[in-house]
Amino acid sequence: MLAACGMQRCHQEALKKNRVMLAKQLVLNVLVEHMVEKDIITTEMVEMIQAKSGSFDRNVEFLNLLPKRGPNAFSAFCEALRETKQQHLEAMILKTMSNLSHEIARLEHCHESDLPYPVSESCNSKRPRWLEPIEHSLDNGDGPSIPPVKYCTPEFYHNHQHLAYKLTSEPRGLALILSNVRFSSEKDLEYRAGGDVDCASLEMLFRHLGYRVTVCHDQTAQEMQNALERFSKLRDHRDVDSCIIALLSHGVEGGVYGSDGKLLQLQEAFRLFDNANCPNLQNKPKMFFIQACRGDELDRGVDQRDGKGWSDSPGCEESDANKEESLKLRLPTCSDMICGYACLKGTAAMRNTKRGSWYVEALTSVFAEDSRHTHVADMLVKVNRQIKQREGYAPGTEFHRCKEMSEYCSTLCRDLYLFPGYLPGK
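Basis of the calculations
- Residues numbered from 1 in each chain as written.
- Predicted model: local features only at pLDDT ≥ 70, side-chain atom pairs only at ≥ 80, totals over all residues.
- Heavy atoms only, no water.
- Helix = DSSP H or I, 4+ residues; strand = E, 2+ residues; numbered from the N terminus.
- Buried < 20%, exposed > 50% of the residue type's maximum accessible area, 1.4 Å probe, protein only.
- Areas by Shrake-Rupley, 256 points an atom, 1.4 Å probe, with all protein chains shown as cover.
- Expected span 1.5 Å × (residues − 1).
- Pairing = 2+ DSSP bridges.
- Axes fitted to C-alpha atoms, helices over the stretch in contact; angles between N-to-C directions.
- Contact = heavy atoms within 4.5 Å.
- 1 Å grid on protein atoms, 1.4 Å probe; cavity = no way out; pocket = protein on both sides within 12 Å on 5 of 7 lines; lining within 4 Å.
- Points joined across faces, edges and corners; volume = space filled by probe spheres on them.
- Nonpolar A, V, L, I, M, F, W, Y, C, P; charged D, E, K, R; others polar.
- Parallel < 35°, antiparallel > 145°, perpendicular 65-115°, else oblique.
- Left-handed = near helix turned anticlockwise from the far one by under 90°.

1. Comments concerning the overall build of the protein
- Each helix and strand counted, the protein has 15 helices and 12 strands in total.
- With 426 residues in all, the protein has 55% of them scored as buried.
- Counting every atom, the protein has about 19,000 Å² of accessible surface; 50% of that belongs to carbon and sulfur.

2. Re helix α10 (residues 195–208)
- Between its terminal C-alpha atoms α10 stretches 20 Å, which fits the 20 Å expected from 14 residues at 1.5 Å a residue.
- Most of α10 sits out of view: 13 of its 14 residues are buried.
- Just downstream of α10 lies Gly210, where phi reads positive at about 100 degrees.

3. Digging into the sheet that holds strand β5 (residues 251–252)
- Pairing in this open sheet of 3 strands is antiparallel, and the strands run β5-β6-β7 from one edge to the other. What marks the edges here is a single partner per strand, and that holds for β5 and β7 (263–265).
- When β5 meets strand β6 (residues 255–257), the two strands line up antiparallel, connected through 2 bridges. Residue Gly251 lies in a different strand from β6, and its bridge partner there is Val256.

4. Here we look at the sheet that holds strand β12 (residues 407–410)
- Across the sheet, 6 strands lie side by side as β3-β2-β4-β8-β9-β12; this open sheet has mixed pairing. Edge strands, defined here as strands with exactly one partner in the open sheet, are β3 (211–217) and β12. Shown here is a sheet whose adjacent strand axes are inclined to one another by a mean of 10 degrees, direction ignored.
- Examined bridge by bridge, strand β4 (residues 242–248) and strand β8 (residues 286–291) share 6 bridges and lie parallel to one another. The partner of Ile245 across the bridge, within β8, is Phe288.
- Most of the contacts of helix α11 (residues 221–232) go to strand β2 (residues 173–179), to which it runs at about 180 degrees, and overall it touches β2, β3 and β4.

5. Here we look at the layout of surface pockets
- In this structure, the second largest pocket spans a volume of roughly 870 Å³.
- What lines the second largest pocket is a set of 29 residues, and nearest its centre among them are Arg82, Glu90, Tyr151, Arg207 and His208.
- Of all the secondary structure elements, the ones that give two or more residues to the lining of the second largest pocket are α6 (73–83), α7 (87–100), α10 and β3.
- It is α7 that provides the largest number of residues to the lining of the second largest pocket, a total of 6 residues.
- Classifying every residue of the lining of the second largest pocket gives 13 nonpolar, 6 polar and 10 charged.

6. Structural notes on the pairing of β4
- In terms of burial, β4 is largely enclosed, as 7 of its 7 residues are buried.
- Of the pairings in the sheet, the one linking β2 to β4 comprises 7 bridges and is parallel in character. For Ile177, the partnering residue across the bridge sits in β4 and is Ala246.

7. Structural notes on the pairing of β8
- With 6 of 6 residues buried, β8 lies mostly within the body of the structure.
- Residue alternation in β8 divides its side chains into two sets, Lys286, Phe288 and Ile290 and Met287, Phe289 and Gln291, and both sets are buried.

8. Points about the environment of Ala164
- Looking at the element boundaries, Ala164 is found in the loop between α9 (154–160) and β2.
- Taking the C-alpha atoms as reference points, Ala164 and Cys413, separated by 249 residues in sequence, lie 8.9 Å from one another.
- In contact with Ala164, other than residues within four places in its own chain, are Arg414, Asp415, Tyr417 and Phe419.

9. Quick look at the packing of α10 against helix α14 (residues 358–370)
- Contact pair α10 / α14: the axes reach a minimum separation of 10 Å and the direction vectors enclose 15 degrees. Between α10 and α14, the interaxial angle falls into the category roughly parallel. Here the hand of the crossing between α10 and α14 comes out left-handed. Contacts between α10 and α14 pair Asp198, Ser201, Leu202 and Leu205 from the former with Val360, Leu363, Thr364, Phe367 and Ala368 from the latter.

Structure representation (structure tokens):
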């Protein structure tokens, strides 16, 4: 079992597969000082590393220590590589993570079978395990590795920046991911097989978009609340142009579960980042992504009236009638926020035990491809379109042709382009 204090398994695997190259090429003398500043290693550990003879042996000693230094050690190491002009090594590691992403769930999940199961993010786990069928998704495979983020051109930036939020800081902003996959044994919440895939995918996406990412694993509801409060009060928000919060867990309408089975209320999370409570982010865009159920009803879908393939007709989206009411219930009185939900109110979100959730898979694919020339609201519409076209395949069970529909709500006041890769004056 992966403990909350340990490095995520996918990060360990990425370091392991690049171990020889890192041992040969890593320039450690300045990098270790950055790691001390980030509270990843101690001065005593530096002395132990430096006691080794030769750069190769010192690098090996450092690489032996790194996976044992907590869940933030990997992201701190990547930052230190950038800060010491060793970006080529970071790129090598991240490329390995991309290639490994669709394999992570097989390394971590607790099912006896190697077959991918579709499960919901609902807290209702009374459904017999033998009813959880194999998912046959529309792309008919294990899914592509996470694509690299495509950068916008200077011409695009200059043609669109006048109507958009300012988003040119380096980093673009701070990002926080709270990912719960294991829950207290006395609570009726199942292990979220595939949840680690989602976490790794989002961490890589946010980093490639230029964000400084912090990840917390398997937190109780109170620990999640504390992490959000600390994050909202960071002074570094003053010097950046945006922020991202992603919550990945089981859930119900209006809340997500901590690892102890207690609920974190989403309204409270939103409140921490409103204009009154987070002045350092006033007039700056704040993005929330919620991968959790908002009920336990399966969306069984309806037959299209003309029976001809997929339709983009608004008439097929029966939830539109309630969208205005939901917006009023979900968002606090604030501005410059956009929140993407994996599913509609009252329904379950679907997750493949090997590939991760339908929503995060679509989100990472769309943002990597289109953030160079599309603003966030339009990208979330494209995510909706991809989710709308996906369905489960499990004849004879309640999951056969099950559907999901994502949505978003927004109080943004300008276009939110992420302008990936663009840095003024560089």
